[in-house]
Amino acid sequence: MEDLRDEPLLPAPRGPVSSAVQAHLRGTGPLPSEQDVDAAPVYGDDLQLALYLCYELHYRGFAGVAPGLEWDPELLRTRAALERRFLGALRADARRHDTVDDALAGILVEPVDGTGVSHFLRDKGELWHLREYAALRSLYHLKEADPHAWVLPRLRGRAKAAMAAVEFDEYGGGRADRVHARLFADLMTDLGLDTTYGRYLDAARAELLVVVNLMSLFGLHRSLRGALVGHFATVEITSSPGSRRLAEAMRRTGAGPAAEHFYDEHVEADAVHEQVVRHEVIGGLLEDEPYLAQDIAFGVDATVFTEDLLGDALLADWRAGRSGLREPLDQVAQDSTHTS
Amino acid sequence: MPNSPSDAPRRVTVQRKGPLLLEGPVEVELEDGSVVSSDRFRVALCTCRRSRRYPWCDTSHRDRA
Ligand code: FES
Ligand SMILES: [Fe+2]
Ligand SMILES: [Fe+2]
C-alpha cells in the first residue's frame, strides 16, 4: 500500500544536544546529558534545534518518529531542562516593563526612520532577500496561528470569545483558500519556494528557531498563558506597519500577486486584530486574572527581544552581502532528497 | 424568550485615538458614492483620515517618534 503519511523529515543535528534528541526520536540513542544541556549556548543552534524537535511533535511530528513520543516522559524531562534554560535566559535578557501599558507603549509608536528588517526590505530588498526572508518565516507562517490556539481553553468569557474570533480570521473565516498559512504558501509559490511543511528547517538559523520556539513555549504551558497573550498582542500590533513595508517590497521587486496579497491582507487584518487583542483579549484576561499583568508584559518584552535578535543577525549578514540562511536557497531548492 | 441576536443593537466602539470599531460585515459608502465592503467579524474604520487603505484603519493613526 502506498504510504500516505507526509510528515516532515528530521533535520540534520547541530551539536551534541540536538543530535541526542534526534537519536532518541529515531529510537537509536540516549537523550542528552545534563552537562551537554547546560553547556550549550542558550540561543544557539544546538539547544534551539533540540527544543524545536521536541515542540514539533505537538504540531506535525516527523517522518519515522513514533507519534506517541509526544508524551514520552523521558523526552519531556529533557524538554523541561531545555525550557528552564531558555525561559531563564529570556527573563534575564529581555528588557522588563512592570505594567502592560508600559510594555505596549514602545511598540505602539512608529519610528520615523526605522531600521528593522522590513525597512531594509522595503528600501533595499532584492528578490533573493525576499526569498530568504520567506523561507525563514515559513517555519512559522505555514503553521500560522497554531501555537496561539492552545491558549483558548485557558481563557474565559470576553478574552476567550475575542481570541477565538481573531483565530477564526487567521484560519480564513471558515474558507480553506483564505487560511493565512495557505496565503503564505501561495506567497512562497510566487517566490519560487517549496511549500512543503518543514522544508526550510535545515536552512533556518538559530535566531529564527528562537522566535518560533518562544511561541511554542508560551502556547504549550498553561502557566505561561499571560505571556502567550502578550506575545500575540505584540505580533498583531507590529504586524500592520511591517506588513505594509513588506507589501511594498513585494510590489517593487515584482514578486507576484499572491506575495503582495499576503502582506496587504495583514495590513488590514492586523489593524483590526490589534484592537481586538488589546481591548478584548488583554482587557478581558486582566479582568479575570489581574495577577497576570506581569506575565503579559513579559510576553511582550520577550517577543520584542527575540525579534530583535533575529533582525540584528539577519541584517548583519545582508548588509555584508551574505546569505542569511544556513544553506543558500538555490542549493536547497535543488536538493531532491528532501522533497522525495 | 430565546436570545435573538438580530434584535440586539449593533455595538460601535469609539476611542479618542484610533479607529471606530464595528461588528462586521459592513458596507461603507464613500463621498464619491462608491461602496466598499468588508466581511471581517470586526471592522476598524479609520477616523484619522491618514490611512492609505481608507476607509479601513491601517494603523497610520499611531504617534511617530
Ligand atoms: S484610525 Fe487608524 S489609520 Fe486612521
Ligand atoms: Fe495572519
Ligand atoms: Fe493577525
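All figures in this text were calculated on a predicted structure; none of them were measured in a lab. (Residues numbered from 1 in each chain as written. Chains lettered and ligands numbered in written order. Predicted model: local features only at pLDDT ≥ 70, side-chain atom pairs only at ≥ 80, totals over all residues. Heavy atoms only, no water.)

Visitor: What should I look at first to understand the overall build of chain B in this one?
Guide: Scanning chain B from N- to C-terminus turns up zero helices and five strands. In terms of C-alpha radius of gyration, chain B reaches 14 Å, well past the compact-globule figure of 11 Å for 65 residues. Taken along its principal axes, the extent of the C-alpha atoms in chain B is 55 × 30 × 15 Å. Looking at the 65 residues of chain B, the share that counts as buried comes to 32%. Here chain B displays about 4700 Å² of accessible surface, and carbon together with sulfur accounts for 47% of that area. Positive and negative side-chain charges of chain B, numbering 12 and 9 respectively, have mean locations separated by a distance of 11 Å. (Helix = DSSP H or I, 4+ residues; strand = E, 2+ residues; numbered from the N terminus. Rg over C-alpha atoms; globule rule 2.2 N^0.38 Å. Buried < 20%, exposed > 50% of the residue type's maximum accessible area, 1.4 Å probe, protein only. Areas by Shrake-Rupley, 256 points an atom, 1.4 Å probe, with all protein chains shown as cover. Lys, Arg positive; Asp, Glu negative; His and termini not counted. Charge placed at Lys NZ, Arg CZ, Asp CG, Glu CD.)

Visitor: In this structure, what is going on with the coordination of the iron ion (ligand 3)? I would like to understand it.
Guide: Angles at a metal have ideal values that depend on geometry: 109.5 degrees with four tetrahedral donors, 90 or 180 degrees with six octahedral donors. Residue and element names in this part refer to chain A. With distances of 2.1 to 2.4 Å, the protein atoms coordinating the iron ion (ligand 3) are Glu170 (OE), Glu236 (OE), Glu236 (OE), Asp270 (OD) and His273 (ND1). In terms of primary sequence, the donors binding the iron ion (ligand 3) are separated according to E-x65-E-x33-D-x2-H. Classification of glutamate 236 by relative accessible area gives buried; the value is 2%. For histidine 273, a relative accessible area of 0% gives the class buried. (Donors = N, O, S within 2.8 Å, 3.2 Å for Na, K, Ca; no water.)

Visitor: Can you help me understand the coordination of the iron ion (ligand 2) in this one?
Guide: Residue and element names in this part refer to chain A. Surrounding the iron ion (ligand 2) are the protein donor atoms Glu144 (OE), Glu170 (OE), His180 (ND1) and His266 (NE2), which sit 1.9 to 2.3 Å from the metal. Considering all four donor atoms around the iron ion (ligand 2), the spread of angles at the metal, 82 to 168°, places the coordination shape in the irregular class. Along the chain, the residues donating to the iron ion (ligand 2) are arranged with the sequence spacing E-x25-E-x9-H-x85-H. A distance of 3.9 Å spans the gap from the iron ion (ligand 2) to the iron ion (ligand 3), which glutamate 170 bridges by coordinating each metal. Remark: histidine 180 occurs in helix H10 (residues 180–190) and glutamate 144 occurs in the loop between helix H7 (127–141) and helix H8 (146–149); sequence separation between them is 36 residues. The pair formed by glutamate 144 and histidine 180 is uniform in burial state, with each residue classed as buried. (Tetrahedral: all angles 85-135°; square planar, octahedral: opposite > 155°, others 65-115°.)

Visitor: Help me understand the domain arrangement of chain A in this model?
Guide: Much of the literature gives interface size as the accessible area that the parts lose upon coming together. Residue and element names in this part refer to chain A. In terms of domain boundaries, chain A breaks down into domain 1 (16–93) and domain 2 (100–338). Spacing between the C-alpha centres of domain 1 and domain 2 amounts to 23 Å. Between domain 1 and domain 2, a total of about 2100 Å² is buried, with carbon and sulfur atoms accounting for 70% of that surface. Across the contact surface, domain 1 and domain 2 share two salt bridges. At the level of elements, helix H3 (45–56) and helix H4 (73–93) are the ones that each hand at least two residues to the side of domain 1 that touches domain 2. (Domains from an automatic or database assignment. Buried area = accessible area lost by both parts, 1.4 Å probe. Salt bridge = Lys/Arg side-chain N within 4 Å of Asp/Glu carboxyl O.)

Visitor: Explain the interface of chain A and chain B here, please?
Guide: Each side of the interface is counted separately: chain A has 29 residues, and chain B has 21 residues. Carbon and sulfur atoms make up 47% of the area that chain A and chain B hide from each other, which totals about 2100 Å². Between the two partners, chain A and chain B, sit 10 salt bridges. Taking the shortest distance from any N to any O, the salt bridge between glutamate 274 of chain A and arginine 62 of chain B comes out at 2.6 Å. Our enumeration of links across chain A and chain B arrives at 13 residue pairs in polar contact (both at pLDDT 80 or more). Counting residues per element, the ones that place at least two in the side of chain A that touches chain B are helix H9 (157–170), helix H12 (225–253) and helix H13 (257–288) of chain A. Element by element, the count of residues in the side of chain A that touches chain B is highest for H13 of chain A, at 13 residues. Here the residues of the side of chain A that touches chain B sort into 14 nonpolar, four polar and 11 charged. (Contact = heavy atoms within 4.5 Å. Polar contact = N/O pair within 3.5 Å; in protein donor to acceptor, adjacent residues only side chain to side chain. Nonpolar A, V, L, I, M, F, W, Y, C, P; charged D, E, K, R; others polar.)

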